[in-house]
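Listed below are the residues making up each chain.
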Amino acid sequence: MNKPLLSVRDLRVDLNTRSGVLHAVRGISFDVAPGETLCIVGESGCGKSMTSLALMDLLPRVARRSAGGITFDGQDLTRRRIAGRLRGRRMAMIFQEPMTALNPAFTIGDQMVEAYLYHVGGTRAQAVERAAQMLEKVGIGSARSRLSQYPHQLSGGLRQRVMIAMALITDPELLIADEPTTALDVTIQAQILRLLKDLQKELGLAIILITHDLGLVSRIAERVVVMYAGAIVEEGSAAEIFDRPAHPYTRALIDCIPQPGRTERGAHLGTIAGVVPSLIGPQEGCAFRDRCPVAQPRCASDIPTQQAGSHRWVCIHGGRA
Amino acid sequence: MLPAVTLGYYITPPFMRLVRAGMIDALNTDYVRTARAKGLPARRVVFKHALRNALVPVVGLVAVQLGLLMGGSVVVESIFALDGLGYLAYQSISYRDFPVLQAVVLLLSLAYVVLTLLSDIINAWLDPRLRAA
Ligand SMILES: Nc1ncnc2c1ncn2[C@@H]1O[C@H](COP(=O)(O)OP(=O)(O)O)[C@@H](O)[C@H]1O
Ligand code: SF4
Ligand SMILES: [Mg+2]
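Residues numbered from 1 in each chain as written. Chains lettered and ligands numbered in written order. Predicted model: local features only at pLDDT ≥ 70, side-chain atom pairs only at ≥ 80, totals over all residues. Heavy atoms only, no water.

Looking at an unreviewed UniProt entry, one finds chain A named ABC transporter ATP-binding protein and attributed to Paracoccus benzoatiresistens. Per UniProt, chain A has the following entry under Sequence similarities (unreviewed entry): "Belongs to the ABC transporter superfamily." Regarding chain A, the UniProt comment filed under Subcellular location (unreviewed entry) reads as follows: "Cell inner membrane". (UniProt positions renumbered as here; feature names shortened; annotations may be inferred.)

Here it is as structure tokens:
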């Protein structure tokens, strides 16, 4: 692989809760190459959002981040000054809730222009021009008049487009998208996904797409990281993950994707039996073993990482069990 | 001086509580997170994005509190023997001067209505969602 754009080593996020320290992210490492789409997938509560917020230094106050290293284009992101210079400029983020992610008190033009003026500078007229351009780029017609509208005057799908346009206005190299389509209905979901894919090609943008929906991953990802209970359990190219999934958890997720003609009508969709274990306190052995159909007694002790080229998984079984 | 402090002491705490609660709420919103994600400096995030939304309930309280202030001034002006509208109301009651009392009450109610209207107008400016209604 050529030099990574983003490199994350041993990232941990701990949250102080009433019942003890919750280890939401438990020492994960991954790289993102320039222009690449990496999907981070896993059930809800696996620590995906905490991971993305940790990268942007946006964690809630109860959370503490530690890392062996986080670098962006070779620069040390764990240093506040450097992170402050890159955030919103060379790395941008969009969120799950398009309905609340924009400030209701300001026009979308104002909110778009403000980031551009702060990071890039120039005159207000130039910034407005750029904002209108970006709205067109994300497929919003009559961009000029849209700029003077308020968020509550737009639909959810449009707002998410505005969020994308706003995130990309400074021409960043990395976009982190945390469940960007989860709150939208299915047709709009497909449109937004298409848009992200097109923008990525056009702008040479690297994307970290975070989702609980592996079906969506198959449509966009080049590389996939599967997270379970705060840890990465499998990582590989999209082909490796979908054609030769090695980890029982990944296989269970794949089995949850509804298949036209194969999934029975009315069958229980999209869930694996059992629940994600508590993330409070340390985890001994494989966190998936209570739900794993091929678990063995030795799954209760340390699990080796297995590797075949760029394909890696954490399980006692090698490949197809 | 003392009358001002007296009245101030009486009406300030609700404001402090409301602004504090409003800011805590606003700082935890998604749009403040968006503003931070955009890399805006903390000052900008707090004073532009959070404060603007925290002010909406405060403006409503200003109207109510100014109304209370007018009522309160009846007491304060009487105690400190200040020559004001409140003292006038007090005197007109003591002397049973009903036309004057009526005028004072009418003035105060009018002021109250105007204040409420003003607060609605200011709030519509602060929060565009209130404009349609
Ligand atoms: N503000 C918070 N306080 C305490 N625990 C939290 C908070 N936010 C998230 N968590 C916990 O952290 C874990 C990881 O959450 P999250 O990263 O949001 O998961 P995901 O995005 O994969 O659904 C979950 O167990 C969740 O309950
Ligand atoms: S390590 Fe054991 S419990 Fe965990 S996924 Fe592999 S087989 Fe299942
Ligand atoms: Mg999440």
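Alright, that's what it looks like, and here's the rest.
Participant: Which residues make up the overall build of chain B, and what are the values?
Facilitator: Helix and strand content of chain B: 5 helices and 0 strands. Counting from the amino terminus, chain B carries its helices and strands in the arrangement α-α-α-α-α. Its C-alpha atoms give chain B principal-axis dimensions of roughly 65 × 35 × 15 Å. Within chain B, buried positions represent 38% of all 133 residues. When contacts within chain B are restricted to residue pairs at least 6 apart in sequence, long-range pairs at least 24 apart make up 60% of them. Of the roughly 8100 Å² of accessible surface on chain B, 72% is carried by carbon and sulfur atoms. Distance between charge centres in chain B, computed from 12 positive and 7 negative side chains, equals 18 Å. (Helix = DSSP H or I, 4+ residues; strand = E, 2+ residues; numbered from the N terminus. Buried < 20%, exposed > 50% of the residue type's maximum accessible area, 1.4 Å probe, protein only. Contact = heavy atoms within 4.5 Å. Areas by Shrake-Rupley, 256 points an atom, 1.4 Å probe, with all protein chains shown as cover. Lys, Arg positive; Asp, Glu negative; His and termini not counted. Charge placed at Lys NZ, Arg CZ, Asp CG, Glu CD.)

Participant: Please set out the site of ligand 1 residue by residue, giving values where relevant.
Facilitator: Residue and element names in this part refer to chain A. Taken together, 14 residues sit near ligand 1, with G45, G47, K48, S49 and M50 positioned nearest. Here K48 contributes a backbone N or O atom positioned 2.8 Å from an oxygen atom of ligand 1. Residue M50 places a main-chain N or O atom 2.9 Å away from an oxygen atom belonging to ligand 1. Look at ligand 1: alone it shows 560 Å² of surface, and the protein chains cover 66% of it. Every element with two or more residues in the shell around ligand 1 is listed here: strand 1 (6-17), strand 2 (20-32) and helix 1 (48-56). At 3 residues, helix 1 tops the list of elements feeding residues into the shell around ligand 1. For the shell around ligand 1, the class distribution of residues is 7 nonpolar, 5 polar and 2 charged. (Near = heavy atom within 4 Å. Polar contact = N/O pair within 3.5 Å; in protein donor to acceptor, adjacent residues only side chain to side chain. Nonpolar A, V, L, I, M, F, W, Y, C, P; charged D, E, K, R; others polar.)

Participant: Would you mind going over the UniProt feature "domain: ABC transporter" (unreviewed entry) in chain A in detail, with residue names and values included?
Facilitator: Mapped onto this numbering, the UniProt entry gives "domain: ABC transporter" (unreviewed entry) at residues 6-254 of chain A. Secondary structure content for residues 6-254 of chain A is 39% helix and 27% strand, while the C-alpha to C-alpha distance between its ends is 27 Å.

Participant: Pulling in residues and values, what's your account of the interface of chain B and chain A?
Facilitator: Taken together, the contacts link 20 residues of chain B with 25 residues of chain A. Each partner contributes to the roughly 2100 Å² buried at the junction of chain B and chain A, and carbon and sulfur atoms together form 55% of this total. Of all residues in chain B, the largest losses of buried area upon contact with chain A belong to B:R33, B:A37 and B:K38, amounting jointly to 27% of the total for that side. Remark: the boundary between chain B and chain A carries 5 salt bridges. Ionic pairing is found between A:E114 and B:K48, a salt bridge with its closest N-O pair at 3.0 Å. Of all the secondary-structure elements, those providing two or more residues to the side of chain B that touches chain A are helix 2 (30-37) and helix 3 (42-79) of chain B. With 6 residues, the single largest contributor to the side of chain B that touches chain A is helix 2 of chain B. Considered class by class, the residues forming the side of chain B that touches chain A number 6 nonpolar, 4 polar and 10 charged. (Buried area = accessible area lost by both parts, 1.4 Å probe. Salt bridge = Lys/Arg side-chain N within 4 Å of Asp/Glu carboxyl O.)

Participant: Talk me through the domain arrangement of chain A; I want residue IDs and the actual numbers.
Facilitator: Residue and element names in this part refer to chain A. Each domain of chain A was delimited in the assignment, giving domain 1 (6-90 + 172-314) and domain 2 (101-169). Tallying the contact residues gives 16 residues for domain 1 and 10 residues for domain 2. Both sides of the domain 1 and domain 2 interface together cover about 1200 Å² of buried area, and 70% of this is carbon and sulfur. At the boundary of domain 1 with domain 2, the tally comes to 1 salt bridge. Salt-bridge contacts for K137 lead to E202; the nearest nitrogen and oxygen are separated by 3.0 Å. Here the side of domain 1 that touches domain 2 takes 8 residues from helix 7 (residues 186-203), the largest share from any one element. Taken together, the residues of the side of domain 1 that touches domain 2 sort by class into 11 nonpolar, 2 polar and 3 charged. (Domains from an automatic or database assignment.)

Participant: A description of the sheet that holds strand 9 (residues 206-211) of chain A should follow, citing residues and the corresponding values.
Facilitator: Within a beta sheet, neighbouring strands are joined by backbone hydrogen bonds and run either parallel or antiparallel to one another. All names here are of chain A. Read from one edge to the other, the open sheet built from 8 strands follows the order 7-8-9-3-10-11-13-12, with strand pairing classed as mixed. Both edges of this open sheet fall to strand 7 (91-94) and strand 12 (305-308), since each of them pairs with a single strand only. Ignoring which end each strand starts from, the neighbouring axes of this sheet average 15° apart. Note that strand 10 (residues 223-228) and strand 11 (residues 231-237) share 6 bridges and pair antiparallel. Counted as the bridge partner of V224 is G236 from strand 11. In the packing of helix 6 (residues 156-167) onto the sheet, contacts are made with strand 7 and strand 8 (174-178), and the angle to strand 7 comes to roughly 170°. Across the face of the sheet, helix 10 (residues 248-256) comes into contact with strand 10 and strand 11 while running at roughly 105° to strand 10. (Pairing = 2+ DSSP bridges. Axes fitted to C-alpha atoms, helices over the stretch in contact; angles between N-to-C directions.)

Participant: Break down the site of ligand 2 for me, with residues and values.
Facilitator: Ligand 2 sits among A:H247, A:P248, A:C286, A:R289, A:C292, A:V294, A:A295, A:C299, A:I303, A:C315, A:I316 and A:H317. Partitioned by chemical class, the residues of the shell around ligand 2 number 9 nonpolar, 2 polar and 1 charged.

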